[in-house]
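Working through the structure, step by step
The chain contents come next:
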Amino acid sequence: MLRPTVALAIAVAVALAGCADNFDADLKAVEDAPYLSTGGSTGEPPTTGPDTVTTTSGGTTGSATSDDGETTGSAMMTTDAGDSTTTGADTGEDADSSSGGALPPPTILEVDMPGKVALAGPVPFTTTTANATSARAKLDGVDIGALQDDGGGVFSGALAIYGAVDNGDHVLEIIAEREDLSDHRPVPFEVSTPASGTVAWAKAGPAGTRTRRIALTPERDVIEVGTRVIAGVERPVIRKRSGLTGAELWAEGTIVIDDREGWAVDVAVAPDGQLWAAMNVRTAANVWRPRIALFDAAGHFTGVEIIGEAGQTVTGLDNDGTGGCVAVGFAGSGKGDTDVVVWRMNGDHVPVLSGKSWDYVPGGELAHTFTDLATEVVVKDGVAWIVGLSVGKHDDKADILSRGFVLRLDIDTAAELGPVIIAPKSGAWTQSKFFGAAAHPDGVLVTGNACNNVCDSERVETALYTNAGGRPWFRPEPASVSARGNAVALNAHGGVVVAVTIREGTALRGYLLGRVVYDGQATPFSVPFPASKEDSEASAVAIDEFDRIAGGGYRTLGGVTESRTILAHP
């Protein structure tokens, strides 16, 4: 059932056409409209079906036309004045004069709303009224707020459609008002979108490429970072794709962001649309350094960067919400172990932390007895949630085991905010690692893998951890010779999507797995990369404002890798 939300913004005067040719222009007009529907405030542009519902008080029937002007033959709904209901203290002459003049009651003349919605996204609608000073709407009987006044008796809004979770029949009710008088018009419509996990588009990158991580822009386009082999050498690259069609949006296509050998490991979009990218590059023979750099919205270097020390490795990155970033990784301590390292650039692009180290030292233990690696970071409310793995004697002091950890640090001081969380063992699954993380209202989602003492069998594990260290939700997957959860994302309805890589036979294969926190809210799904005897990997996932799912990784054809990016329906 649709759930209402309201976001204040500027609306549009026309509804989206059903064809995609003019979709970008339509989306620009509607992207700030008040969303009056099911839940969160995120998302990819919608595409609506050809059916349109137009109601007029005069009983005339409109027609649906395609972008080329041809009538599509879609069913149109027409209602006469009897479909509207005028209410007020008095609908006679006294009521007419209650506004100070001989005005008739407010009347809804027309409602322009698609009769069928076929894809998730924002669906705009407008109503034309007479003698009304305001208008509001209800969705399935729930008041969803005031509509935008566009002048001339026209009011507009938009419904947020979240895919299969909203499938079914619904009623949008428009209410035109003036003082205590009102006119009501119900407008039925249907949501019929593809099943969750259905692939909308899949795109391959150039030969020799791999996508490591992805992020979404404010316009819900997809940014990819990873590597491209050029003249036999891997180099870090970045690419931008349309969230609607998957088409590459930069004239340069895939952009090499450092001419040195290296690989890009993560990307984050700043509030102003600029792009933070983290990479490791070879600066001399056998000398590697982290590079954390800011690029403009077209993928060009801005001159802002952090260069790490030789021997450090950056693995994860997130924007801090102010235009700055936090990055994490690991480095040798010089004392026989590795420590977590943290970098921080604030919103004024002033370096705050440059490879600040952290070592796991449980009570009663000496420093540097555990080997610690950070793999990902999520920033929310001034806190950096860092995940990774810590290797040492976690249990009976006899076995050296790996365990996933969650560490919370203040982003400006790197001060620890509460005890570190160490993943518990689960029966024979005594070891674990965390590779991906995502913010959750109750804490942080993590994904990775687990294995037994000798790691001859592995399984993907995904869990939710709270501030207090609790684990209210935990989801293990079936065992395989090799399995790992690489990235995780959360949608507006409690759904989780995990990018995983699992060995099937002799080859690795990538999947996007749909799961649900606090089970029972939705049907899980599995989106496999193409079946092949050659390796593939799903290494990245992101979910837009309307729950549409973007995933990334690579596949191998004839021994040559090519990046793979997909968009799946929610």
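Residues numbered from 1 in each chain as written. Predicted model: local features only at pLDDT ≥ 70, side-chain atom pairs only at ≥ 80, totals over all residues. Heavy atoms only, no water.

Moving on: the pairing of strand β22 (residues 313-319). Of all seven residues in β22, seven are buried; the element is thus mostly enclosed. When β22 meets strand β23 (residues 325-332), the two strands line up antiparallel, connected through six bridges. Across the sheet, residue Thr 313 finds its bridge partner in β23, namely Phe 330. Between β22 and β23, which pair antiparallel and follow one another directly, the connecting turn spans five residues, one of which, Gly 321, has a positive phi of 85°. (Buried < 20%, exposed > 50% of the residue type's maximum accessible area, 1.4 Å probe, protein only. Helix = DSSP H or I, 4+ residues; strand = E, 2+ residues; numbered from the N terminus. Pairing = 2+ DSSP bridges.)

What follows is about the sheet that holds strand β25 (residues 351-358). The four strands are arranged β22-β23-β24-β25 in an open sheet whose pairing can be described as antiparallel. Each of the sheet's edge strands pairs with one partner strand only, and the pair in question is β22 and β25. Neighbour-to-neighbour, the strand axes of the sheet open up by a mean angle of 15°, direction not taken into account. (Axes fitted to C-alpha atoms, helices over the stretch in contact; angles between N-to-C directions.)

Judged by nonpolar contacts, the single largest core of 21 residues is most densely connected at Met 113, Phe 125, Leu 159, Leu 172, Ile 174 and Phe 189. Put simply, the parts of the chain that give this core at least two residues each are β4 (107-114), β6 (121-130), β7 (134-139), β10 (154-161), β11 (168-178) and β12 (181-191). Listed in part, the 19 residues of the second largest apolar core include Val 326, Val 342, Tyr 360 and Val 420. (Core = buried A, V, L, I, M, F, W, Y, C linked by side-chain atoms within 4.5 Å.)

We now examine the packing of aromatic side chains. By the definition in use, this model includes seven aromatic pairs. Ring geometry for Trp 358 versus Phe 405: centroids 5.6 Å apart, planes at 40°, classification tilted. In this pair, Trp 358 sits in strand β25 while Phe 405 sits in strand β28 (residues 401-410), placing the two residues 47 residues apart along the sequence. With relative accessibility at 8%, the residue Trp 358 sits in the buried group. Between the aromatic rings of Tyr 360 and Phe 370, the centroid separation amounts to 4.9 Å while the plane-to-plane angle is 70°, which identifies the pairing as edge-to-face. Here Phe 370 lies in the loop between β25 and β26 (371-380) and Tyr 360 lies in the loop between β25 and β26, a separation of 10 residues in the sequence. One aromatic cluster is present, built from ring pairs that chain together Trp 358, Tyr 360, Phe 370 and Phe 405. The cationic tip of Arg 408 hangs over the ring face of Trp 385; the distance from NZ or CZ to the ring centre is 5.5 Å. Against the face of Phe 435 rests Arg 484, its NZ or CZ located 3.9 Å from the ring centre. (Phe/Tyr/Trp six-rings, centres within 6.5 Å; stacked < 30°, edge-to-face > 60°. Lys NZ or Arg CZ within 6 Å of the ring centre and 35° of its normal.)

Shape is all these values report; function is a separate question.
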